[in-house]
Amino acid sequence: MIPIVIAAAISTSPAATVSCEPISGAAEILTDQQMRWLILGEQHGTAESPRIFADIVCLATKLRREIVVGLEFPVEDQKLIDAYLASNGGDKAQAALLSSPVWQKSMQDGRSSGAMLALFERLRKMARAKHIVGVAAFQNTREVERAKYEQGLANQLQSASPSRNRLVIALVGNFHARTLPWSSGGQSYMPMAGLLPKEQTRTLNIVGNGGAQWACFRDRSAPIGDQPTCAARDFGVSSKTYMRGIVLASDSNSPYAGTLYLGVPTTAARPALAK
């Protein structure tokens, strides 16, 4: 069971003002009372995905449901995250959050970007305003076998929703948000979202109009054993532009229930502790 700090215990101060930008089509999916897990898949390392994710969470807080946010961070970071949510967000509190190895490691794949730090700050304000129950870290970094790793992610998210009134909204890499099996190296296994209760889970793939991301890649010509290089990676210009909003999939064989369009090109989000 993931320990969650209940928002009512976080702060007795007056509720902070929390604003969110509208998203076309969001009402249709957020008002689905059967849904208990809403999984948003992103390409790590953009400034825009964490921002629109925060807007989805913010819009969901208008519902008469308990909202828990799931982030693809190590479960070992739960106490640091809870402490930050309960803090005033000042320099000391931020330094404590950033003390986790995930922010310090040499390979920064986008999950420890300045944009993610800004997401934590928006979630802190929502928690202090008692709009969300808390934030659950659900990545078990000790499991390396792919199928078991995906099952572990799903198990952690399931434990974050012990009742039908609680809605978990999670941000993950878009592979984990797939609900169809994946085959690789002669083996087939189900990504995380496909292991959650089917009738109670909705998934959205976040897509921008081209742009860039911060990511780590190994040059194919590099010697075996060389470390990947982390830098901004340009996607180029999108062949078609889309307006900001959610479009549900018309094909039942789609790996996602729909697409969350950013409506803008993405920009690379540099590490929060950029050197």
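Each remark here, short or long, concerns the structure printed above.
Anyway, here's the lowdown on the structure attached to this text.

The rules behind the values
- Residues numbered from 1 in each chain as written.
- Predicted model: local features only at pLDDT ≥ 70, side-chain atom pairs only at ≥ 80, totals over all residues.
- Heavy atoms only, no water.
- Core = buried A, V, L, I, M, F, W, Y, C linked by side-chain atoms within 4.5 Å.
- Buried < 20%, exposed > 50% of the residue type's maximum accessible area, 1.4 Å probe, protein only.
- Contact = heavy atoms within 4.5 Å.
- Helix = DSSP H or I, 4+ residues; strand = E, 2+ residues; numbered from the N terminus.
- Phe/Tyr/Trp six-rings, centres within 6.5 Å; stacked < 30°, edge-to-face > 60°.
- Salt bridge = Lys/Arg side-chain N within 4 Å of Asp/Glu carboxyl O.
- 1 Å grid on protein atoms, 1.4 Å probe; cavity = no way out; pocket = protein on both sides within 12 Å on 5 of 7 lines; lining within 4 Å.
- Points joined across faces, edges and corners; volume = space filled by probe spheres on them.
- Nonpolar A, V, L, I, M, F, W, Y, C, P; charged D, E, K, R; others polar.

Now for the nonpolar core. Grouped together as the largest cluster of nonpolar side chains are 45 residues, with contacts concentrated most on Leu40, Leu71 and Ile169. Setting aside chain neighbours within four positions, we find Leu71 in contact with Phe53, Met116, Leu119, Phe120, Leu123, Val135, Ala136, Ala137, Phe138 and Leu171. In terms of nonpolar packing, the next biggest core, distinct from the first, is built from 19 residues, Phe138, Tyr149, Val172 and Ala193 among them.

Assignment of secondary structure puts Ile132 in the loop between helix 6 (114-128) and strand 3 (134-139). As a C-alpha pair, Ile132 and Ala60 span 72 residues in sequence and 9.3 Å in three-dimensional space.

Structurally, Arg270 is set in the segment after strand 11 (258-261). Distance from Arg270 to Lys198, taken between C-alpha atoms, is 35 Å for residues 72 residues apart in sequence.

Let's shift gears to unusual backbone geometry. Even without a glycine there, the phi angle at Lys130 is positive, about 65°. Inspection of the secondary structure assignment puts Lys130 in the loop between helix 6 and strand 3. When its relative accessible area of 46% is taken as the criterion, Lys130 is described as partly exposed.

Take the packing of aromatic side chains next. Tallying each qualifying case throughout the model produces six aromatic pairs. Centre to centre, the rings of Phe175 and Tyr189 are 6.2 Å apart; their planes meet at 65°, and the pair counts as edge-to-face. Of this pair, Phe175 sits in the loop between strand 4 (166-173) and strand 5 (182-184) while Tyr189 sits in strand 6 (residues 187-189), and the two are 14 residues apart along the sequence. An identical accessibility class is assigned to Phe175 and Tyr189; each is buried. A network of ring pairs unites the aromatic residues Phe73, Trp103 and Phe120 as a single cluster.

The subject of this paragraph is the pattern of salt bridges. Enumeration over the complete set of coordinates arrives at nine salt bridges. Close ionic contact of Arg244 with Asp55 constitutes a salt bridge, the shortest N to O distance being 2.9 Å. Linking Arg244 in the loop between strand 9 (229-237) and strand 10 (245-248) with Asp55 in helix 2 (residues 48-60), this pair joins segments that are 189 residues apart in sequence. Here Asp55 falls in the buried class, since its relative accessible area comes to 3%. Connected through shared salt-bridge partners, Asp55, Arg122 and Arg244 make up one network.

Looking now at the layout of surface pockets. By volume, the largest pocket amounts to about 520 Å³. Forming the walls of the largest pocket are 20 residues, and the residues nearest its centre are Thr179, Lys198, Thr201, Arg202 and Ala257. Going through the elements one at a time, helix 1 (26-30) and strand 7 (201-207) are the ones with two or more residues in the lining of the largest pocket. No other element matches strand 7, which puts three residues into the lining of the largest pocket. A per-class count over the lining of the largest pocket returns eight nonpolar, six polar and six charged. The volume enclosed by the second largest pocket comes to roughly 400 Å³. Lining the second largest pocket we find 18 residues, and of these His44, Asp109, Arg111, Gly173 and His176 sit closest to its centre. Broken down by secondary-structure element, the contributors of at least two residues to the lining of the second largest pocket are helix 7 (146-159) and strand 8 (210-217). At five residues, strand 8 tops the list of elements feeding residues into the lining of the second largest pocket. Looking at side-chain class alone, the lining of the second largest pocket contains seven nonpolar, six polar and five charged residues.

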